[in-house]
Amino acid sequence: MHKKPKKYSVFSLIRNAVSYHENWQPVWRSPEPKKEYDAIIIGGGGHGLTTAYYLAKNHGLTNIAVIEKGWIGGGNTGRNTTIIRSNYLWDQSAALYEHALKLWEGMSQELNYNVMFSQRGVMNVAHNLHDVRELKRRWHANRLNDIDCEWLNREQVKEFCPIINTSPNIRYPVMGATLQRRAGTARHDAVAWGYARGADAMGVDIIQNCEVTNINVKNGQVTGIESTKGSINSKRVGVVTAGHTSVIANMVGIRLPLESRPLQALVSEPVKPVIDTVVMSNTIHAYVSQSDKGELVIGAGTDGYTSYSQRGGFNIVEDTINAVVELFPLFSRMKMLRHWGGIVDICPDASPIVSKTHIKGLYFNCGWGTGGFKATPGSGWVFAHTIANDEPHKLNAPFTINRFSSGELVDEHGAAAVAH
Amino acid sequence: MFLIKCPYCGEREQSEFSCGGEAHIVRPKNPPDLTDDEWADYLFMRKNIKGVQFERWNHSNGCRRWFNIARNTATDEILKIYNMGERPPKIEGNDLKTPSGEPEIGSGNISTSFKKE
Ligand SMILES: Cc1cc2nc3c(=O)[nH]c(=O)nc-3n(C[C@H](O)[C@H](O)[C@H](O)COP(=O)(O)OP(=O)(O)OC[C@H]3O[C@@H](n4cnc5c(N)ncnc54)[C@H](O)[C@@H]3O)c2cc1C
Ligand SMILES: [Zn+2]
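Conventions and cut-offs
- Residues numbered from 1 in each chain as written.
- Chains lettered and ligands numbered in written order.
- Predicted model: local features only at pLDDT ≥ 70, side-chain atom pairs only at ≥ 80, totals over all residues.
- Heavy atoms only, no water.
- Helix = DSSP H or I, 4+ residues; strand = E, 2+ residues; numbered from the N terminus.
- Buried < 20%, exposed > 50% of the residue type's maximum accessible area, 1.4 Å probe, protein only.
- Contact = heavy atoms within 4.5 Å.
- Areas by Shrake-Rupley, 256 points an atom, 1.4 Å probe, with all protein chains shown as cover.
- Donors = N, O, S within 2.8 Å, 3.2 Å for Na, K, Ca; no water.
- Tetrahedral: all angles 85-135°; square planar, octahedral: opposite > 155°, others 65-115°.
- Pairing = 2+ DSSP bridges.
- Salt bridge = Lys/Arg side-chain N within 4 Å of Asp/Glu carboxyl O.
- Near = heavy atom within 4 Å.
- Polar contact = N/O pair within 3.5 Å; in protein donor to acceptor, adjacent residues only side chain to side chain.
- Expected span 1.5 Å × (residues − 1).
- pLDDT = per-residue confidence, 0-100.
- Phe/Tyr/Trp six-rings, centres within 6.5 Å; stacked < 30°, edge-to-face > 60°.
- Lys NZ or Arg CZ within 6 Å of the ring centre and 35° of its normal.

### Observations regarding the overall build of chain B
Broken down by element type, chain B carries one helix and six strands. Within chain B, buried positions represent 43% of all 117 residues. Sequence separation of 24 or more characterises 45% of the internal contacts of chain B that already satisfy a separation of 6 or more. Approximately 6600 Å² of chain B is accessible, and the part contributed by carbon and sulfur atoms is 46%.

Structure representation (structure tokens):
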């Protein structure tokens, strides 16, 4: 075992300031892979890192490796618009996302790492009668599940977010909104780094720049992986590769109901604080918040075709900007600074798959699509349980691959429309 | 964003088209005899290939006709456009060196050398 990382505090900050911040210890080690591990996690995004962290912390499994083809957090974890909420319609989803939201609430303290979790509220805006009915239905469902949620009429929307255009004469007028006050945003990179540091401290090997190129299976039991750093043995392999899940599944002939698509986002030049909440509109596919640096963070809808190219079409960006400018006319002259895409793994029912497979010791955690950032800690928690016990946790039991045969889909598409 | 050459109308922006997903999925001949797993496979399971994929597309904001495309999903390059009902074409060239390196176009994979027709 290696030595524990030093705790971050105001004292360590002062101490390191005196030495010009040149003596901070690395946040995690960069070891070479061992010959064998008790478990291998493929994919060093937030979900993979939390899986490793909770395997070590909750299940005492510390001889594990996280294998990442690029750098940790370089996938969707570092590309998303960081909306965190738990106001999902169906009981199964509400339970899973609310469990995650509770973990967010204690995360910075637990990790001794500031993930900048900010419970600034998330408002879901209704633009027509159908939206009003759907959102009210969701509001009531949330209350039955003990999830905080409120309904705001048009005047209350304006009061809560004064810069929003509530004129009844626009193409998609604001007719009300749901508000989850405990919802909000967090710093995505910090989540990856904080969990990496925590997992590393318990002995987990984080191996970057190492691509998994094959999965070894013998007599129906997984025996390890092939990678660009050689073969590594393990009887337990967890796949957490988001948009690239089908690439791994195809290596072992597992059929999954996933389609990988580009999802785009963009940020503006930084400005003074103008919006202190998150506004989402499913109908017109736009959502906005403002980062602590002052940039507007704007997210779009998915492009309508399979692609692994990590970029999408300008028409999608244009649609989103149209909607944003109509809702917030004062943004109309802002310049956009950066624009990018991530590849999201879309499931037919817009719910994740956190599941065993017919190959013993091989587990998949995928299908989070456009909305898995909020689930990061909860996903790792239940996936670690699944891998450690070879049985799902009660929270992910409804999210098996088998639901596509049994018909027990958890259809959040209709409910949440855009599931960010 | 890329351009698609509709066999009926010529080259147009991708935003004029809708993707109908994986091509050549055959509707089962004997629906009553299918097991639940077979139904799930037909209805939901997809290859979702990184590399050359055969897809159905519709010119939904144009002539509204269907056709097939062979497309490299790692780079979004269109390799061949062919009619509905035709067999999938053989595409010559190199496959990806690893399942997910980085390409020159797009950023999904090591550059491929598939022949375009
Ligand atoms: C533009 C955009 C906006 C979004 N907005 C939101 C939002 O507001 N709220 C929300 O909740 N969610 C949002 N999401 C979704 C969210 O980002 C994802 O669901 C979540 O981050 C997935 O985390 P992950 O750890 O599973 O995946 P990733 O972070 O993508 O991690 C997977 C990792 O696997 C690695 N990998 C792949 N193949 C291999 C291989 N062969 N070998 C080794 N490693 C491999 C990849 O390099 C990658 O780092 C958004 C996504 C995008 C793209
Ligand atoms: Zn046409």
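### Structural notes on the coordination of the zinc ion (ligand 2)
Residue and element names in this part refer to chain B. At the metal site, the zinc ion (ligand 2) is ligated by Cys6 (SG), Cys9 (SG), His59 (ND1) and Cys63 (SG), and these contacts range over 2.0 to 2.3 Å. Considering all four donor atoms around the zinc ion (ligand 2), angles at the metal cover 104 to 118° and the coordination shape is tetrahedral. Counting gaps between the donor residues of the zinc ion (ligand 2) yields the pattern C-x2-C-x49-H-x3-C. Of the two residues, Cys9 is situated in the loop between β1 (3-6) and β2 (10-13) and His59 in the loop between β4 (52-58) and β5 (66-72); the sequence distance between them amounts to 50 residues. On the basis of relative accessibility, which here comes to 30%, the residue Cys9 falls in the partly exposed class.

### So, the pairing of β1 of chain B
Residues and elements named next belong to chain B. Side chains Ile4 and Cys6 project from β1 onto a buried face, and the interleaved Leu3 and Lys5 project onto a face without burial. Of the strand pairs in this sheet, β1 and β2 are connected by four bridges, and their pairing is antiparallel. By the bridge assignment for β2, Lys5 is matched with Glu11. What sits between the antiparallel neighbours β1 and β2 is a turn of three residues.

### Section: the pattern of salt bridges
Pairing between side chains becomes possible if they bear opposite charge and their charged atoms approach one another. All names here are of chain B. Using the criterion set out here, one finds 22 salt bridges over all chains in the structure. For Glu55, the salt bridge identified is with Arg71, shortest N-O distance 2.8 Å. Of this pair, Glu55 sits in strand β4 while Arg71 is found in strand β5, placing the two residues 16 residues apart along the sequence. One salt bridge in this structure joins Arg71 and Asp76, with 2.9 Å as the shortest N-O distance. Both residues of the pair, Arg71 and Asp76, belong to the buried class.

### As for the site of ligand 1
Residues in close proximity to ligand 1 total 39 residues, the closest being Glu68, Asn76, Thr77, Thr81 and Lys374 of chain A. Around ligand 1, the neighbouring residues derive from chains A and B rather than from a single chain. Gly46 of chain A is positioned such that a nitrogen or oxygen atom in its backbone is 3.1 Å from an oxygen atom of ligand 1. In this structure, Val212 of chain A approaches ligand 1 through a main-chain N or O atom, which is 2.9 Å from a nitrogen atom. Relative to its free-state accessible area of 1000 Å², ligand 1 is covered by the protein chains to the extent of 98%.

### A few points about the environment of Phe383 of chain A
Mapped onto the secondary structure, Phe383 of chain A falls in helix α9 (residues 376-389). Among all residues touching Phe383 of chain A, those that are not within four sequence positions of it are Thr51, Gly238, Val239, Val240, Val354, Tyr363, Phe364 and Asn365 of chain A.

### What to know about helix α2 (residues 46-59) of chain A
Residue and element names in this part refer to chain A. End to end, α2 covers 19 Å across 14 residues, agreeing with the expected 20 Å (1.5 Å per residue, within 8%). Counted residue by residue, α2 has 11 buried out of 14 residues, so it is predominantly covered. Within α2, burial applies to Gly46, His47, Gly48, Leu49, Thr50, Thr51, Ala52, Tyr53, Tyr54, Leu55 and Ala56. Backbone geometry just after α2 places Gly60 at a positive phi near 65°.

### Side note on the confidence of the model for chain B
All names here are of chain B. Scored by pLDDT, chain B comes out at a mean of 87, with 83% of its residues at no less than 70. Confidence scores differ between elements of chain B, with strand β6 (residues 77-82) showing the lowest mean pLDDT of 94 and strand β3 (residues 18-22) the highest of 97. Low confidence marks residues 106-110, where pLDDT is under 50. Its contacts with residues over four positions away, or in another chain, come to 30 contacts.

### Some remarks on the packing of aromatic side chains
Counted under the stated rule, the structure contains 19 aromatic pairs over all chains. One aromatic cluster is present, formed by Tyr53, Tyr54, Tyr195 and Trp381 of chain A through successive ring pairs. The ring of Tyr8 of chain B carries the charged tip of Arg65 of chain B above its face, separated from the ring centre by 3.7 Å.

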